[in-house]
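Chain by chain, the residues run as shown.
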Amino acid sequence: MTPRAVLVLGSLNLDILLRVPHLPLAGETMHSTGLERMPGGKGANQAAACAALGVPTRMIGAVGTDDAGTLLQGALRDRGVDVSAVRRVPNVASGQAYIHIAPDGENTITLHGGANQQLGSPELAALDAALPGASALLLQLEVPLAVTIEASRRARAAGVTVILDPAPATPELPRELLEAVDILTPNEHEARTLSGQDDLQAAARVLLNRGVRHVIVKRGARGALLLDEDGEQDFAAPTVQAVSTVAAGDTWGGALAAALARGQSVPDAVAFAVRVASLRVTRPAGYGHLPTGAELG
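Reference entry: report on the structure contained in this document. (Residues numbered from 1 in each chain as written. Predicted model: local features only at pLDDT ≥ 70, side-chain atom pairs only at ≥ 80, totals over all residues. Heavy atoms only, no water.)

1. Observations regarding the layout of surface pockets
- Counted as a void, the largest pocket has a volume near 1,200 Å³.
- Along its surface, the largest pocket is lined by 43 residues, and Asn-107, Asn-187, Thr-245, Ala-248 and Gly-249 are the ones closest to its centre.
- Of all the secondary-structure elements, those providing two or more residues to the lining of the largest pocket are strand E2 (13–19), helix H1 (42–52), strand E6 (95–101), strand E7 (107–112), helix H6 (188–195), helix H8 (248–261) and helix H9 (266–280). (1 Å grid on protein atoms, 1.4 Å probe; cavity = no way out; pocket = protein on both sides within 12 Å on 5 of 7 lines; lining within 4 Å. Points joined across faces, edges and corners; volume = space filled by probe spheres on them. Helix = DSSP H or I, 4+ residues; strand = E, 2+ residues; numbered from the N terminus.)

Next up, the structure:
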């Protein structure tokens, strides 16, 4: 079947990658061993990953009128993403992310929101125009929360599956947002932060009780845990040698949406997302190394 379009409303950032001997400690100064600049942002990363898998994808967001904004739009366009709803905002810097990467691939990220914090009525209008015929809307928490809430409400009313990656993590999310979310995809840290529970199964049940229909906890090298009204399923990840974990979770989200757009069930989509993310971490960071539909069949 021809997949229906996936919409992504969220962040676009210029990623500045610093390779370091180990992740910085409090008060520590160190020299980096490498510096790279590449397109990123959780929303843009999800969109690029979904489009690479052969699913029509539209990005809704904002960048500055600076060189970084031009680079970010161009990188998504080159990957096959529709960027006609990415607005250029004058006198505001494009979003940026500063990423420290250790030799084992683990990383820490500091964000500057920039134009991502300017999302508002124009983006919601673009969303309204794109919802008819769409299969899913991917959301994150790197843009104004009020916009994310309203976008989830409108997508839900249109019968479009709402997928929320609750990152950066926050201890409380409004119930009106969670009740509009079909699929919540926290990692282990985010699940614990959102729920106040250390046990992952207990954390997921707390989130289900707050209105979410499916909770999928991303567990990195250990795969994923799915909890919903049908029970609990554990999805193991293949053993791989990680090269970079940068944007692995975003690739996972894009792959999940791509599988759902092709009509797969939620469990089958989770299994596919685990497979795609496991392949992604074996490669260097950057859109040019994303797994493609041709590779995965």
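Resuming the write-up.
2. Focus: empty space enclosed by the protein
- In this structure the tally under the stated criterion is one cavity of 30 Å³ or more.
- The calculated volume of the largest cavity comes to roughly 100 Å³.
- Secondary-structure elements contributing two or more residues to the lining of the largest cavity are strand E3 (34–40) and H1.
- In terms of residue class, the lining of the largest cavity is built from eight nonpolar, three polar and two charged. (Nonpolar A, V, L, I, M, F, W, Y, C, P; charged D, E, K, R; others polar.)

3. What about helix H7 (residues 200–209)?
- Within H7, the full set of buried residues consists of Leu-200, Ala-203, Ala-204, Leu-207 and Leu-208. For H7, the angular spread of buried residues about the axis comes to 140°, placing them on one side.
- At its buried positions, H7 is contacted by strand E10 (183–184), H6, strand E11 (214–218) and strand E12 (224–228).
- Where H7 begins, the capping side chain belongs to Asp-199, and its oxygen is found 3.2 Å from the backbone nitrogen of Gln-201.
- The first or second residue beyond H7 is Gly-211, which carries a positive phi of 120°. (Buried < 20%, exposed > 50% of the residue type's maximum accessible area, 1.4 Å probe, protein only. Arc of directions from axis to C-beta. Contact = heavy atoms within 4.5 Å. Polar contact = N/O pair within 3.5 Å; in protein donor to acceptor, adjacent residues only side chain to side chain.)

4. Remarks on the pattern of salt bridges
- Applying the stated criterion to the full structure yields 17 salt bridges.
- The closest approach of N and O atoms between Arg-205 and Glu-232, which form a salt bridge, is 3.7 Å. With Arg-205 in helix H7 and Glu-232 in strand E13 (residues 231–235), this residue pair connects regions lying 27 residues apart in the sequence.
- With relative accessibility at 41%, the residue Glu-232 sits in the partly exposed group.
- In the salt-bridge network here, residues are joined through shared partners; they are Lys-42, Asp-165, Lys-218 and Asp-250. (Salt bridge = Lys/Arg side-chain N within 4 Å of Asp/Glu carboxyl O.)

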